Amino acid sequence: MTYDVIIIGAGPAGLTAAIYAVRAGLSTLILEAQQVGGQVAISAEIENYPGAPRTTGWQLASAMDRQVRDMDVPIRHEAVTAIADLGRTKQVITAAGTYTAGALILANGAKRRKLGIPGEETLFGRGVSYCATCDGNFFRGRDVAVVGGGNTAVEDAVYLSGLCAHVHLIYRREALTAQKPLIAAARSRENLHLHPCARVTAIQGGGIVEAVEVAGVQGGEPSLLPVSGVFIAIGLEPDNGIFAPTVALDQGGYLQAGEDCKTSCPGIFCAGDARTKPLRQIVTAASDGAVAAMQAERYLSALDGAEG
């Protein structure tokens, strides 16, 4: 089936793009391989989105999802494997089939970065997690470690401190890089222990996580820290490889696009965390989605005008 616009990704950027595309009279399809809401859906608390103070990520993502579904936008849970520029039409290939559209909006976000250390892969799902709100309840009353010093890591550590006996926050710098309110919340929790200038070198366990090896960033012999779970929150990385033959990426793998959300390929736009930008937040993703949809509408209108 052919649509005016196909949106790849159902996070805040993709959902906002769908709202604006439908309001512009464009037939729209969303393709999403995982959960609707993207990273927002697995965030514990959201305090900086206008009009929704102190909500949860799941609640905000659900509200966005309902709004889009109420507009009768189809959301198909299919992983995109390739896209192609066919000139006046664009093609999207998934494991389930092939779709065509006049314009594409790439809003696939970014994925959690991995440590790349022994035990991380083999113990994934057996104590190693990348989502505190998804898996934290499994470790109620036990000791866990959180790796990272940014907003997500500190937010995860604060959340887990309400569930777990002890939470060890391990980060490479001397100071946390999270926002000040989050740092203050972390320091106020008596069972949350800070480990600055430290790095996790391995995760140990015979079938389940039993301990992490922790060493100083300057080297030295690692020491064992007994924990039942390890939550890794060291940032995001783009997952744009399948788009590379069609649109340009920067050195970090992000889609090259400015505030107009135009990629290097006419008719293909991008929005949210997948593109080059100085700030990756829910509000900036939503902004990108609106811009990308309007740019897609103008592009399609120009094509119709040229045909006329």
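Scroll up to find the structure this text is about.
Rules used in this analysis
- Residues numbered from 1 in each chain as written.
- Predicted model: local features only at pLDDT ≥ 70, side-chain atom pairs only at ≥ 80, totals over all residues.
- Heavy atoms only, no water.
- Pairing = 2+ DSSP bridges.
- Helix = DSSP H or I, 4+ residues; strand = E, 2+ residues; numbered from the N terminus.
- Axes fitted to C-alpha atoms, helices over the stretch in contact; angles between N-to-C directions.
- Buried < 20%, exposed > 50% of the residue type's maximum accessible area, 1.4 Å probe, protein only.
- Contact = heavy atoms within 4.5 Å.

A. Summary view of the sheet that holds strand 12 (residues 198–204). If you walk across this open sheet you meet the three strands as 12-13-14, and the pairing is antiparallel. The open sheet has two edge strands, strand 12 and strand 14 (219–226), and neither has a second partner. The average angle at which neighbouring strand axes cross in this sheet is 30 degrees, direction not considered.

B. Broad picture of the side chain of T201. Mapped onto the fold, T201 is located in strand 12. The class of T201 is buried, set by a relative accessible area of 19%. Leaving out residues up to four positions away in the same chain, T201 has contacts with I117, P118, E213, V214, A215 and P222.

C. Spotlight on unusual backbone geometry. Even without glycine at this site, D72 takes up a positive phi of about 65 degrees. For D72, the position within the fold is in the loop between helix 2 (57–70) and strand 3 (75–76). The exposed category is assigned to D72, whose relative accessible area is 69%. The backbone of C197 sits at a positive phi, close to 55 degrees, despite the residue not being glycine. With respect to the helices and strands, C197 occurs in the loop between strand 11 (192–195) and strand 12.

D. Focus on the pairing of strand 6 (residues 98–106). Within strand 6, eight of the nine residues are buried, which leaves the element mostly enclosed by the surrounding structure. In terms of strand pairing, strand 1 (residues 2–8) meets strand 6 through six bridges, oriented parallel. Paired with I7 across the bridge in strand 6 is I105. Across four bridges, strand 5 (residues 90–94) lies against strand 6 in antiparallel orientation.

E. Seen up close, the environment of A110. With respect to the helices and strands, A110 occurs in strand 7 (residues 110–112). Separated by 71 residues in sequence, A110 and Q39 have C-alpha atoms that sit 8.3 Å apart. Apart from residues lying up to four places away in sequence, A110 is in contact with Q39, L236, E237, P238 and D273.

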